[in-house]
Amino acid sequence: METRTYTTIDLRKQMGEILDRTRIAGEAAAITRKGKTLAYLVPAEWFERQQLVAEQPATDSDSAQDAA
């Protein structure tokens, strides 16, 4: 996933365009202030998939390794 960088000022001025790029084109956006990244804006589908992966219980092979 390609990540574009925007300042907080860019975000205020171009909110609709940035959201459309994220939603329609699937582009992530890094939001910066004074050269430091504050947040990432990612497509909802990508975030939801990441949440599902994080919520999955450990598999049996993971449990066997933990027991060893």
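Right above here is the structure, for reference.
Everything numeric here is computed off the predicted structure, so don't read it as measured data.

Moving on to the overall build of the protein chain. Counting its regular elements, the protein chain contains 3 helices and 3 strands. From first element to last, N terminus to C terminus, the protein chain shows the α and β order β-α-β-β-α-α. The buried share of the protein chain, reckoned over its 68 residues, is 18%. Across the protein chain, contacts joining residues at least 24 apart in sequence account for 40% of those joining residues at least 6 apart. When the accessible area of the protein chain is evaluated, it comes to approximately 5500 Å², of which 52% is carbon and sulfur surface.

By size, the foremost hydrophobic cluster in this structure holds 5 residues: Tyr6, Leu11, Ile18, Ala29 and Ile31. Aside from chain neighbours lying at most four places away, what touches Leu11 is Ile18 and Ile31.

As a further point, take the pairing of strand β2 (residues 28–33). Within β2, 5 of the 6 residues are buried, leaving the element largely enclosed by the surrounding structure. Once you follow strand β1 (residues 3–7) into helix α1 (residues 8–24) and on to β2, the crossover reads as right-handed. The pairing of β2 with strand β3 (residues 36–41) spans 5 bridges and is classified as antiparallel. Considered in β3, the bridge of Arg33 is made with Lys36. The turn linking β2 back onto β3 is made up of 2 residues, and Lys34 within it adopts a positive phi angle of 55°.

Thresholds, definitions, all that
- Residues numbered from 1 in each chain as written.
- Predicted model: local features only at pLDDT ≥ 70, side-chain atom pairs only at ≥ 80, totals over all residues.
- Heavy atoms only, no water.
- Helix = DSSP H or I, 4+ residues; strand = E, 2+ residues; numbered from the N terminus.
- Buried < 20%, exposed > 50% of the residue type's maximum accessible area, 1.4 Å probe, protein only.
- Contact = heavy atoms within 4.5 Å.
- Areas by Shrake-Rupley, 256 points an atom, 1.4 Å probe, with all protein chains shown as cover.
- Core = buried A, V, L, I, M, F, W, Y, C linked by side-chain atoms within 4.5 Å.
- Right-handed = clockwise from strand over helix to strand, strands pointing away.
- Pairing = 2+ DSSP bridges.

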